Amino acid sequence: MDDLTKFVKFFLALILLLCLIDWSYGYYLFVRFVSTASFVYLAYDASTKKESFAVAIFIFLALLFQPFEKIVLGRTLWNIVDVIVAIGLIFSVLNDRKTTG
């Protein structure tokens, strides 16, 4: 995994975990735009490595977080989604480090 992909995953995990704090709506909108762009990048990166399952997951997440048509899950459920996705992103970086390092 290249350094840019690691950075994107860690940064995305950080901003998702920061969603647990009560921010103004603008922060959550920022997170949705950044998340969508990041998941599209991660899907593209996974596709260049022929990782079709990862591509499907990242496309699903890009659609889930997209800012154009709000998906209403409620704050509690969104917090759970944010934490699960953040943990998954961090785990994917750490797991890659163990297998390649």
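Before reading on, note that the structure itself is shown above.
Scoring rules and cut-offs
- Residues numbered from 1 in each chain as written.
- Predicted model: local features only at pLDDT ≥ 70, side-chain atom pairs only at ≥ 80, totals over all residues.
- Heavy atoms only, no water.
- Core = buried A, V, L, I, M, F, W, Y, C linked by side-chain atoms within 4.5 Å.
- Buried < 20%, exposed > 50% of the residue type's maximum accessible area, 1.4 Å probe, protein only.
- Helix = DSSP H or I, 4+ residues; strand = E, 2+ residues; numbered from the N terminus.
- Contact = heavy atoms within 4.5 Å.
- Patch = residues over 30% accessible without salt bridge, like charges linked within 9 Å, V, L, I, M, F, W, Y side chains within 5 Å.
- Areas by Shrake-Rupley, 256 points an atom, 1.4 Å probe, with all protein chains shown as cover.
- Salt bridge = Lys/Arg side-chain N within 4 Å of Asp/Glu carboxyl O.
- Phe/Tyr/Trp six-rings, centres within 6.5 Å; stacked < 30°, edge-to-face > 60°.

Caption draft 1: Quick peek at the nonpolar core. With 26 residues, the main nonpolar core has Leu 16, Phe 39, Phe 58, Phe 65, Val 85 and Leu 89 as its most contacted residues. Taken together, the elements giving at least two residues each to this core come down to helix H1 (3-17), helix H2 (25-48), helix H3 (52-65) and helix H4 (75-100). Tallying contributions element by element places H2 first for this core, with eight residues. In this view, Val 85 contacts Leu 16, Phe 39, Leu 61 and Phe 65; residues no more than four positions away in its chain are not counted.

Caption draft 2: Layout of a nonpolar patch on the surface. A cluster of nonpolar side chains, Leu 4, Phe 7, Phe 11, Leu 14 and Phe 30, forms an exposed patch at the surface whose accessible area comes to about 490 Å². In terms of residue count, the dominant contributor to the nonpolar patch is H1 (four residues). You can see Phe 7 is positioned in helix H1.

Caption draft 3: Representation of the packing of aromatic side chains. Going through the model one piece at a time under the given rule, you end up with eight aromatic pairs. Here the aromatic rings of Phe 7 and Phe 11 are separated by 5.9 Å at their centres, their planes lie at 15 degrees, and the arrangement is stacked. With Phe 7 and Phe 11 both in helix H1 and four residues apart, the pair spans about one turn of that helix. A residue is classified by how much of its surface remains accessible, and Phe 7, at 53% relative accessible area, is exposed. With a centroid separation of 5.9 Å and 75 degrees between ring planes, the pair formed by Tyr 27 and Tyr 28 is classed as edge-to-face.

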